[in-house]
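Spelled out, the chains give:
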Amino acid sequence: MDHKFCIAAFILFLIVCPAATNTYAQPGTLDTTFGANGVVTTTVTPFTNLVNEIAIQPDGKIIAVGSGDSMEVVRYNVNGSLDTSFNGTGMAVSTPGDALGVAIQPDGKIIVVGNDGNIANIDLKVVRYNANGTLDTSFDGDGIVTTAIAGGTDVAYGVAVQSDGKIVVSGRSDTPPNFQTSYAVIRYNANGSVDTSFGTQGIIVPAMSGNVFAHQLALQADGKIVVACNRISNGERILVMLRYTSGGQPDPAFGVNGIVETRVGIGVEYAAVALQTDGKIVVSCSGFTNASSYDFWVVRYNTDGSLDDTFGNMGLAQTPIGPGTALDQAKALVIQPNGKIVVGGRAPSGVNSNFVAVRYNKNGSLDPKWGNGGIATTDLGGNADSINAVAIQTNGRIVAAGESDVGTAGTRKFALVRYKGDTAENFDYDRDGSADISIFRPSAGDWYVLGSFNGSVTGLNWGISTDELASADYDGDLKTDIAVWRAGAVGTLYILNSSDNTGRYEQFGQTGDDPSVIGDYDGDGKADPAVYRAGASAGQQSFFYYRGSFNNPNGAISFVPWGTNGDVAARGDYNGDGRFDPTVFRPLNGVWYSLNLANNATTATNWGLGTDKLVPADYTGDGKTDHAVFRNGLWYILESNTGLVRYASWGIATDKLVPADYDGDGKTDVAVFRNGIWYIQQSSGGDRNIAFGLATDIPTPSSYLP
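Residues numbered from 1 in each chain as written. Predicted model: local features only at pLDDT ≥ 70, side-chain atom pairs only at ≥ 80, totals over all residues. Heavy atoms only, no water.

1. Some words on the overall build of the chain
Scanning the chain from N- to C-terminus turns up 0 helices and 51 strands. Against the globule reference of 27 Å for 706 residues, the chain gives a C-alpha radius of gyration of 27 Å, in line with a compact fold. Oriented by its inertia axes, the alpha-carbon framework of the chain measures out at about 90 × 55 × 50 Å. Restricting to contacts in the chain with at least 6 residues of sequence separation, those with at least 24 account for 46%. As displayed, the chain offers around 26,400 Å² of accessible surface, 52% of which is attributable to carbon and sulfur atoms. (Helix = DSSP H or I, 4+ residues; strand = E, 2+ residues; numbered from the N terminus. Rg over C-alpha atoms; globule rule 2.2 N^0.38 Å. Contact = heavy atoms within 4.5 Å. Areas by Shrake-Rupley, 256 points an atom, 1.4 Å probe, with all protein chains shown as cover.)

Encoded structure:
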């Protein structure tokens, strides 16, 4: 296979230097490389400003749209600074009204929807901008389309672009003389004209009892349109989900004639919707718990509109944020590529309110790796701070945007924060959040990967029979990169970058070193080349060496004296700070010794016998590596979150041990490989036996075990 190689610096000796400082910690903490310590505020106009929606361009730049004294459209660079290549100021040409929704076309043009701001008779408004922030005159002649639907107030909240370039918009329409509110869905052709082949002359405004507000919509891969609404009737607020065919007709395969109603608590507001890769529909909303308090709620539906009883409590997950009768408001939703769900909103703190971002696992449980027990709260210093929109950048970091009056009490401004996202799951080659079954065949130097996302098998030639496996996420794209380490007077790490399919090699270490300790030592979300070098003789000092990828343009190598001859290196992040900790196991006394690189704190944990096999991994899903050993078919796991002991009878003494998160629930599964069969005890429940590979193959999850 022909590869383009990016050749790293040729290093013949070790350079001793301190590690670069990086404040990266667990997911859900502020990313200090964004704005000022993770926060950006922008006064767009002298009046109150707030972000209503955001979108991320393929290059990582952020489009934020909102309200001020006009439709405000602002573009930020990846680092949070204003992008002055966008209309010269970072702010697009201003037009009257409120900007409430945004979508980016494949050609880079930007669609913004909202209303025209005409108080006498508010109409729905769609604006298209060129990629440089100027109005696109190929869109209805001046870049602006206004649509009067029923003679009352017409407003657009959601927008999506079909693969054929047509534009679908959702919102509300008030019908005189009683001004009953109905949801509205409109489709426009790419030139801005209404698509009369859709619904009734391009518009859907159904008759439904009560007042119905359509907040957001999502497009399925088959062209069907999913709309999230809330309906107010006789004082009751109900979550309403709608699905239409690509032609704008109610989809009979969804609920009852295309409609599903769900009672969430005793009332619902702010319905946001997103689609999973398996077609399931996820909705976030604020739900009344009682007459005086809201909670965050997330609801998941099967593709036919039935509640998914594998999620939360029979399809619903409820999360109170503030104490007592707090008004916790969930306003925005995004689904990560690994299936985790991030919901943004606000929660009170005394008389003020703060940004709140909550992350859920695939099953609807709170993700303990995120923020504080699944909840990240950010106090910007204002009286009325709120997340109104969330989106994911290509590097997995989470951008949340909304409003804050910090520094200008009573006058809100655009406010954005960026949270740190996940690092790649071990052995996740397709970025779906689950470890993939994968093997290396030494006889041919071939890798075979069984993708957990779609079950496809990928094979490629990379390495020779004497190489040691070293797959990890070196390029930070949240996919594991295929890699091998080859011993020599100067060891060499050969990496196939998953981000662009180019190869590179780095010379690191030497014959006799242990590369099983490769990992992220500087906390930037990228694996660092690393080796453990045992002391030459009994009692002599051992060392960890690593080359950090954060702020290290010259490729300097850091070394840490840790352990002595006879100790066994045990890779992992034992304190959950997002950085691997130099750790060794001492067979003489059964003690694990760890060093926290952030503060030089040390820990000693007695766990196991000198003859045990080490199987450290995060079995509890709290972001911390658990001390664990395997002994004659029994797994002994010391849970980091409880301090309790868990036992698992799984496998036989001669098995190859392959613990990894195969079911994608955020917890490592107990697993073994025997004669080409993978035996997996899933932490989510149930066992799996998978035939993949030959008895002589090396299962790649065994490569980081001592």
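2. Focus: the sheet that holds strand E45 (residues 634-638)
Spatially, 4 strands are ordered E43-E44-E45-E46 in an open sheet, and the strand pairing comes out antiparallel. Edge positions in the open sheet fall to strand E43 (613-614) and strand E46 (645-649), since each of these has one partner strand only. Inspection of the sheet shows E43 paired to strand E44 (residues 627-631) by 2 bridges, in the antiparallel sense. Residue pairing across strands places Lys613 opposite Phe630, the latter belonging to E44. (Pairing = 2+ DSSP bridges.)

3. A few points about the side chain of Gln105
Mapped onto the fold, Gln105 is located in the loop between strand E6 (98-104) and strand E7 (110-115). Here Gln105 falls in the buried class, since its relative accessible area comes to 9%. Excluding anything up to four places from it in sequence, Gln105 contacts Ile111, Arg128, Val161 and Ile167. (Buried < 20%, exposed > 50% of the residue type's maximum accessible area, 1.4 Å probe, protein only.)

4. Some points on unusual backbone geometry
Residues other than glycine seldom take positive phi values, yet Arg431 does so here, at roughly 60 degrees. Although it is not a glycine, Asn501 sits at a positive phi angle of roughly 60 degrees. Structurally, the position occupied by Asn501 is in the loop between strand E34 (492-496) and strand E35 (503-507).

5. Side note on the packing of aromatic side chains
Taken as a whole and assessed by the stated rule, the structure comprises 16 aromatic pairs. Relative to Phe544, the ring of Tyr532 lies with its centre 4.9 Å away and its plane at 55 degrees, an arrangement referred to as tilted. One end of the pair, Tyr532, is in strand E36 (residues 530-533); the other, Phe544, is in strand E37 (residues 541-546), and 12 residues separate them in sequence. According to the relative accessible area criterion, Tyr532 is buried, its value standing at 3%. Given the relative accessible area of 2%, Phe544 is considered buried. Through a chain of ring-to-ring contacts, the aromatic side chains of Tyr521, Tyr546 and Phe580 assemble into a single cluster. (Phe/Tyr/Trp six-rings, centres within 6.5 Å; stacked < 30°, edge-to-face > 60°.)

6. Brief notes about the sheet that holds strand E38 (residues 558-564)
Read across the sheet, 3 strands follow the order E36-E37-E38 without closing on themselves; strand pairing throughout is antiparallel. Only two strands of the sheet have a single partner each, and these edge strands are E36 and E38. Between one strand axis and the next, the sheet turns through 20 degrees on average, direction left out of account. (Axes fitted to C-alpha atoms, helices over the stretch in contact; angles between N-to-C directions.)

7. Let's talk about the pattern of salt bridges
Here the idea is simple: oppositely charged side chains can pair when their charged atoms come close. With the rule as written, the count across this model stands at 30 salt bridges. Note that Asp195 is salt-bridged to Arg187, the shortest N-O span being 2.8 Å. Arg187 matches Asp195 in its accessibility class, with the two residues each being buried. When the shortest N-O distance is used, the salt bridge between Asp612 and Arg631 registers 2.7 Å. (Salt bridge = Lys/Arg side-chain N within 4 Å of Asp/Glu carboxyl O.)

8. A word on the pairing of strand E19 (residues 281-290)
On any regular strand, side chains alternate: one points to one face of the sheet, the next to the other face. Counting buried positions along E19 yields 8 of 10 residues, so the element is predominantly enclosed. Here 6 bridges tie strand E18 (residues 268-275) to E19, and the two strands are oriented antiparallel to one another. Of the residues in E19, the one forming a bridge with Ala274 is Val282. Of the pairings in the sheet, the one linking E19 to strand E20 (residues 293-301) comprises 9 bridges and is antiparallel in character. Among the inter-strand pairings, Val283 is bridged to a residue of E20, identified as Val299.

9. Some remarks on the pairing of strand E29 (residues 437-441)
Within E29, 5 of the 5 residues are buried, leaving the element largely enclosed by the surrounding structure. Burial along E29 is two-sided: Ile437, Ile439 and Arg441 and Ser438 and Phe440, pointing in opposite directions, are all buried. For E29 and strand E30 (residues 446-450), the ladder comprises 5 bridges, and the chain directions are antiparallel. What sits directly across from Phe440, in E30, is Trp447.

10. A few points about the confidence of the model for the chain
Here the chain averages 91 in pLDDT, while 95% of its residues score no lower than 70. Note on residues 1-24: pLDDT is under 50 here. Beyond four places in sequence and across chains, it has 57 contacts. (pLDDT = per-residue confidence, 0-100.)

11. Observations concerning the nonpolar core
Core analysis: the largest hydrophobic core is formed by 38 residues, its most contacted members being Ile437, Trp447, Ala470, Tyr474, Ile518, Tyr662 and Trp678. Of all elements in the fold, only E29, E30, strand E33 (482-486), E34, strand E48 (670-674) and strand E49 (677-681) reach the threshold of two or more residues within this core. With 4 residues, E33 is the largest single contributor of residues to this core. If sequence neighbours within four positions are ignored, Ala470 has contacts with Ala483, Val484, Trp485, Leu493, Ile518 and Tyr704. If you look at the next biggest cluster of nonpolar residues, it comprises 18 residues, including Met241, Val268, Ala271 and Val273. (Core = buried A, V, L, I, M, F, W, Y, C linked by side-chain atoms within 4.5 Å.)

12. So, the environment of Asp385
For Asp385, the position within the fold is in the loop between strand E25 (375-378) and strand E26 (386-392). With a relative accessible area of 0%, Asp385 lands in the buried category. Taking C-alpha positions, Asp385 is 35 Å from Ser549, a pair spaced 164 residues apart along the chain. For Asp385, the residues in contact, after removing those within four places along its chain, are Arg346, Ser353, Asn354, Phe355, Asp379, Leu380, Glu403, Ser404 and Asp405. A distance of 3.3 Å separates the side chain of Asp385 from the backbone nitrogen of Gly382, its partner in a polar contact. (Polar contact = N/O pair within 3.5 Å; in protein donor to acceptor, adjacent residues only side chain to side chain.)

13. Digging into the state of the cysteines
Across all of its chains, the model carries 0 disulfides by this definition. Left without a disulfide partner, Cys229 is nearest to the cysteine sulfur of Cys285, which lies 12 Å away. (Disulfide = S-S within 2.5 Å.)

14. Quick look at the environment of Asn115
For Asn115, the position within the fold is in strand E7. Through-space distance from the C-alpha of Asn115 to that of Ile464 is 63 Å; in sequence the pair is 349 residues apart. With residues up to four places along the chain from it excluded, the contact list for Asn115 reads Met71, Pro96, Gly97, Asp98, Leu100, Ile122, Asp123, Lys125, Asp154 and Val155. Polar contacts involving the side chain of Asn115 include one to the main-chain amide nitrogen of Gly117, which spans 3.0 Å.

15. Some details on the environment of Arg533
Tracing the backbone shows Arg533 in strand E36. The buried category is assigned to Arg533, whose relative accessible area is 18%. Polar contacts involving the side chain of Arg533 include one to the side chain of Asp513, which spans 2.7 Å.

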